[in-house]
Amino acid sequence: MSRLVVVSNRVADPRKAAAGGLAVALGDALNTTGGLWFGWSGTVVEGGMPGEGELHVQQAGKVTLATVDLSAEDHAGYYLGYSNGVLWPVFHLRLDLARFDAGYISAYRRVNRLFARLLMTQLKPGDILWIHDYHLIPLAAELRTLGCTHRIGFFLHIPLPPQQVLAAIPQHEWLMRAMFAYDLLGFQSEADLQNFSRYVQAEAGAVDLGENRFRAFNRTVRAGAFPIGIDVDEFAALTHAKEGVDMYERMKAEYSRRKLLIGVERLDYSKGLPQRLRAFKTLLQRYPENLRSATLIQIASPSREDMGTYTDLLQELESLCGAINGDFGELDWMPVRYMHRNVARKRLPGLYRVARVALVTPLRDGMNLVAKEFVAAQDPADPGVLVLSRFAGAAEQLQDALLVNPYDIDGSADTIQQALQMPLQERQIRHQKLLRNIRTQDVHWWRQTFLQALGDGARSQETM
Ligand code: GDG
């Protein structure tokens, strides 16, 4: 069996429990074949030389972790700049926030070249490479330039926008050409795959060879939708572990007289938090029976704090929460409990389980794992209701959630009310279907399906 090499911006030690579903799933795969996980170490070297970085190699069980330090200049241009100041906003349909003219592209290319150069020193014949996410789109092209002939797959965790939006990126042609250096491209949803297909045919003159294979720039790439899942069993075990149960019981006692709604995400403008708070406020105005009763716990864990757009969002949220609590709160009831803090992963399932309703209402999201975690943590006998944005990749699979348009504040408020009022039997039926779905297409299925498609491609090429 080929050795698996995973490359991602950040590397997690798969032996550590706090690592989360993705790290656990990739760790499983790496442990099976013995593998290498390569990425940024998380260290920023002030005054370091751009395009240079020390490589650290350590063994974590059967997995080799190889990580690179970045100079402050590279970190600013590659990570904060091009990745999170250009690609992240554009891919989430926020052209207004993209900083096209800041010259970040050179650092983005430089770091991808640095990664390629150092990774080449670690590769063995027959390795299969799996590269993750928007930080590393040109990595395969850089590796090919250095003579790498291995099979390389790419998975995009965030959405791929429609043709016209993608074409607004000054370097879009270069990015798309780089995508053809891969053998397999994985997207989260059918919608992303369609955007890719339309874009490459319209902008790159690609020929559709059928079965999602496209030919352009003298290369053939296969593309597919591989919706990422969670480790349902791991999450169910967390739900029944001590911390999960403690959290559940504490919250249940505290909120026994209230209807609890929950929102959990990284603080990010793609997650639709201001719109959600406005919808909650409209709920209280339109359906006064929720006064003194419905309580929204919103966890917005700190993320990319060193970027200005995130500071603006933080201020907007604080002022919205303050206004709702000021206008509607009573001495014994606060409508919104807002936390700008990270909650320990072991406590999340208890919180999900005690909630009557989860609000997962991003304006745009590649998949959204919180939606799936919420479903996994529910008591099947008395499950909570998932209110899910139709613009999350997860909506393609989770059709039995209550789907909303997060831009439609009144419509969202009505749907939240429907969720709060939903009879037990309907909740049970919807939950059963959702659970079946996340179990069938869990994170192990995702990983196996992607790697099988990447391996199958190798076999079909050999027989050509
Ligand atoms: C990207 C794509 C895609 C959140 N707050 C806390 C916390 N979390 C955990 C959740 C969940 C994870 O973070 C968030 O995953 P999402 O999928 O919801 O969103 P992104 O971080 O934007 O992830 C997304 C994903 O990649 C995978 O492909 O689904 O579309 O944007 O696991 O539980 N965890 C802890 N404390 C918190 O306060 N411990």
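From a predicted model like this one, the values you see are computed outputs, not experimental measurements.

Cut-off values and rules
Residues numbered from 1 in each chain as written. Predicted model: local features only at pLDDT ≥ 70, side-chain atom pairs only at ≥ 80, totals over all residues. Heavy atoms only, no water. Near = heavy atom within 4 Å. Polar contact = N/O pair within 3.5 Å; in protein donor to acceptor, adjacent residues only side chain to side chain. Helix = DSSP H or I, 4+ residues; strand = E, 2+ residues; numbered from the N terminus. Domains from an automatic or database assignment. Contact = heavy atoms within 4.5 Å. Buried area = accessible area lost by both parts, 1.4 Å probe. Salt bridge = Lys/Arg side-chain N within 4 Å of Asp/Glu carboxyl O. Axes fitted to C-alpha atoms, helices over the stretch in contact; angles between N-to-C directions. Parallel < 35°, antiparallel > 145°, perpendicular 65-115°, else oblique. Left-handed = near helix turned anticlockwise from the far one by under 90°. Pairing = 2+ DSSP bridges. Buried < 20%, exposed > 50% of the residue type's maximum accessible area, 1.4 Å probe, protein only.

Caption draft 1: Summary view of the site of the ligand. Lining the immediate environment of the ligand, one finds 23 residues, of which H157, V343, D365, L369 and E373 sit closest. Residue M367 places a main-chain N or O atom 2.8 Å away from an oxygen atom belonging to the ligand. At the level of elements, β11 (259–266), β12 (294–301), α12 (348–354) and α13 (369–377) are the ones that each hand at least two residues to the shell around the ligand. By residue number, the principal contributor to the shell around the ligand is α13, which donates three residues. Here the shell around the ligand gathers at least three residues from each of two domains, domain 1 (4–229 + 444–456) and domain 2 (232–439).

Caption draft 2: Region of the structure containing the domain arrangement of the protein. Domain boundaries in the protein define domain 1 (4–229 + 444–456) and domain 2 (232–439). Computed over C-alpha atoms, the centres of domain 1 and domain 2 are 31 Å apart. Counting residues at the interface gives 27 residues for domain 1, matched by 19 residues for domain 2. Summing both partners gives a buried area of about 1,800 Å² for domain 1 against domain 2, and 61% of it is carried by carbon and sulfur. Linking domain 1 with domain 2 are one salt bridge, by the criterion used here. In this structure, D192 and R364 form a salt bridge, with 3.5 Å as the shortest nitrogen-oxygen distance. Linking domain 1 to domain 2 there are four residue pairs in polar contact (both at pLDDT 80 or more). For the side of domain 1 that touches domain 2, the secondary structure elements donating two or more residues are α1 (21–33), α2 (72–91) and α7 (190–203). Tallying contributions element by element places α2 first for the side of domain 1 that touches domain 2, with seven residues.

Caption draft 3: Up close: the packing of helix α10 (residues 273–286) against helix α14 (residues 409–421). In the contact formed by α10 and α14, the axes pass within 8 Å of each other and the chain directions differ by 65°. Between α10 and α14, the crossing angle belongs to the class labelled roughly perpendicular. Along this stretch, α10 crosses α14, giving a crossing that reads as right-handed. Across the interface between the two elements, Q275, R278, A279, T282, L283 and R286 from α10 touch I409, D410, S412, A413, D414, I416, Q417 and L420 from α14.

Caption draft 4: Fine view of the pairing of strand β2 (residues 35–45). The sheet contact formed by strand β1 (residues 4–10) and β2 spans five bridges and is parallel. Each bridged residue has a counterpart across the sheet, and for V6 the counterpart in β2 is W37. Pairing of β2 with strand β4 (residues 63–71), which is carried by eight bridges, proceeds in the parallel orientation. Residue pairing in the sheet places G39 in a bridge with T67 of β4.

Caption draft 5: View of the sheet that holds β2. Spatial ordering of the open sheet is given by β3-β4-β2-β1-β5-β6-β7-β10-β9-β8, a layout of ten strands whose pairing is mixed. The open sheet has two free edges, formed respectively by β3 (55–60) and β8 (207–210), since each of these has just one partner strand. Averaged over all pairs of adjacent strands, the angle between their axes in this sheet comes to 25°, without regard to strand direction. Bridge count between strand β5 (residues 128–132) and strand β6 (residues 151–155): five bridges; the pairing is parallel. Considered in β6, the bridge of W130 is made with G153.

Caption draft 6: View of the environment of S83. Take S83: it is sitting in helix α2. For S83, a relative accessible area of 0% corresponds to the buried category. Sequence separation between S83 and E234 is 151 residues, and the spatial gap between their C-alpha atoms is 31 Å. If we skip the residues at most four places from it in the chain, S83 touches Y78, W88, Y108, Y134 and H135.

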